[in-house]
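Examining the three-dimensional arrangement
Letter by letter, the chains look like this.
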Amino acid sequence: MIKADVGSVSGHTTVHPQQLEVARQFMEDARAKGTISDYYVTHAGDDLELIMTHTMGEDHTSIHELAWKCFKEVTDKVSKPLKLYAAGQDLLSEAFSGNVKGMGPGVAELEFMERESDPVMIFMADKTEPGAWNLPLFKIFADPFNTAGLIIDPGLHGGFNFTVLDVVDNIAVSLKCPSEMYDLLALIGTPGRYVIEKVHRSDGLPAAAASTTRLSLIAGRYVGKDDPVCIVRAQHGLPAAGEVLEAFIFPHLVAGWMRGSHHGPLMPVSADDSQNRVSRFDGPPRVVGLGFQVSDAKLIGPTDLFADPAFDRTRETAGMVADYMRLHGPFMPHRLGPEEMEYTTLPEVLKKLKDRFKKV
Ligand code: F6R
Ligand code: MG
Ligand code: MG
């Protein structure tokens, strides 16, 4: 999965149908040429999402270049001519330089041998950052109160290994669960810095991958939230699809929302609600889930995973939490802390006051 916000309609609300058309044609041509095996183009709010299957492995230049060129083409053919808002926003470099990581787009890649039947779930968030996956990924792969299979299925008893990236110093550590669970939690409880990048079953089977791009850390200024994506394989010796989804029943607080500067609840929504209705206070942060079968590298599906009315209560709670958080207005902890605000326009405001402070 490679994704980017390259401009949207009505501020940061939604992508334009012509953007999707251009991206689909681009992917169709790449499939015809054999660069990719299959694709699914969609969007989560203002983020254009390219779901691709291919056989060239992770971090392959041809695939990264394909995505980069696709985003460029959408920007040049649609976003700019239609004067869409923030046209080309996430394309932080002029020219492609081998790998889109560090150039703005978000990337989540997972290389695996197809099992006899391989359900793959794709999660796409809008108005939040990669650390938003920390809590659900922990619940899915390490919390027996969420995932019954961790207790019931001997195939899961070996536990899972989490690769955690420190996005500030760009270093990574691998931690085993359950034996190193407390160490893991000591890190991932700081989601602005420590981000789960990969999860493998104890025998090495690839189970999940998440995008880790922090746009502000690349650009050194506020660009837009990273709006991360995540790939999770399910069933048959992995958490069941329903156990994966159960981790989203709690609309936990994440950083993002208005101006990327506020904490708000992560609301699981249907595809339609993720695509066309990201409006209240430019949010609130939300996640959409699409379920596929990967079959000879073809994408079969998708199903709209959070359209189930069983998530209505979660959405209602998210609405209540959103109201409660909004009542704080400009105060923390609704507004993010000073460390996170460094990459917004707030420091410029504070700079104006600097000379007016007197010694006491
Ligand atoms: C959130 C986001 C928006 C903008 C906000 C102000 O990721 O991008 O909330 O930050 O709409 O945008 P500008 O400063 O362009 O008017
Ligand atoms: Mg945007
Ligand atoms: Mg977005």
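First, a word on what this report is: a plain description of the structure on this page.

What follows deals with the pairing of strand β6 (residues 160–166). Across the seven residues of β6, seven count as buried, placing the element largely inside the fold. Burial along β6 is two-sided: the residues Phe 160, Phe 162, Val 164 and Asp 166 and Asn 161, Thr 163 and Leu 165 are all buried. Here β6 runs beside strand β7 (residues 171–177); their pairing, made up of seven bridges, is antiparallel. For Asp 166, the partnering residue across the bridge sits in β7 and is Ile 171.

It is worth spelling out the pairing of strand β11 (residues 253–256) at this point. Bridging between β11 and strand β12 (residues 262–265) involves four bridges; their strand directions are antiparallel. When the bridges of β12 are listed, Gly 256 appears paired with His 262. Joining the antiparallel neighbours β11 and β12 is a turn of five residues, in which Trp 257 adopts a positive phi near 50 degrees.

On to the coordination of the magnesium ion (ligand 3), then. For the magnesium ion (ligand 3), the protein coordination sphere consists of Asp 46 (OD), Asp 47 (OD), Asp 126 (OD) and Asp 227 (OD), at 2.0 to 2.1 Å. Donor residues for the magnesium ion (ligand 3) sit on one chain with the sequence pattern D-D-x78-D-x100-D. Distance-wise, the magnesium ion (ligand 2) is placed 4.2 Å from the magnesium ion (ligand 3), both being coordinated by Asp 46. The two residues Asp 46 and Asp 47 agree in class, both being buried.

Interhelical geometry of helix α1 (residues 17–33) versus helix α2 (residues 61–79) gives an angle of 145 degrees and a closest axis separation of 9 Å. For the pair α1 and α2, the sense of crossing is right-handed. Two secondary-structure elements touch here, α1 through Gln 18, Gln 19, Val 22, Ala 23, Phe 26, Met 27 and Ala 30 and α2 through Leu 66, Lys 69, Cys 70, Glu 73, Val 74, Lys 77, Val 78 and Ser 79. Looking at side-chain class alone, the contact of α1 with α2 contains nine nonpolar, three polar and three charged residues.

Core analysis: the largest hydrophobic core is formed by 41 residues, its most contacted members being Phe 123, Trp 133, Leu 137, Phe 141, Phe 160 and Phe 162. Element by element, the count of residues in this core is highest for helix α3 (residues 134–142), at five residues. Sequence-distant contacts of Trp 133, that is, excluding residues within four places in its chain, are made with Phe 123, Met 124, Ala 125, Ala 210, Pro 228, Val 229, Cys 230, Phe 248 and Val 287.

Spanning 17 residues, α1 covers 25 Å between terminal C-alpha atoms, matching the ideal 24 Å at 1.5 Å per step. Looking only at α1, the buried set comprises Gln 19, Leu 20, Val 22, Ala 23, Phe 26, Met 27 and Ala 30. One side of α1 carries all its buried residues, which in axial view fall inside an arc of 165 degrees. In α1, the exposed positions that point more than 90 degrees away from the buried face belong to Pro 17, Glu 21 and Ala 32. The inward-facing, buried residues of α1 abut β2 (38–44), β3 (47–53) and α2. Positive backbone phi, at 90 degrees, marks Gly 34, one or two positions downstream of α1.

Basis of the calculations
- Residues numbered from 1 in each chain as written.
- Chains lettered and ligands numbered in written order.
- Predicted model: local features only at pLDDT ≥ 70, side-chain atom pairs only at ≥ 80, totals over all residues.
- Heavy atoms only, no water.
- Buried < 20%, exposed > 50% of the residue type's maximum accessible area, 1.4 Å probe, protein only.
- Helix = DSSP H or I, 4+ residues; strand = E, 2+ residues; numbered from the N terminus.
- Pairing = 2+ DSSP bridges.
- Donors = N, O, S within 2.8 Å, 3.2 Å for Na, K, Ca; no water.
- Axes fitted to C-alpha atoms, helices over the stretch in contact; angles between N-to-C directions.
- Left-handed = near helix turned anticlockwise from the far one by under 90°.
- Contact = heavy atoms within 4.5 Å.
- Nonpolar A, V, L, I, M, F, W, Y, C, P; charged D, E, K, R; others polar.
- Core = buried A, V, L, I, M, F, W, Y, C linked by side-chain atoms within 4.5 Å.
- Expected span 1.5 Å × (residues − 1).
- Arc of directions from axis to C-beta.

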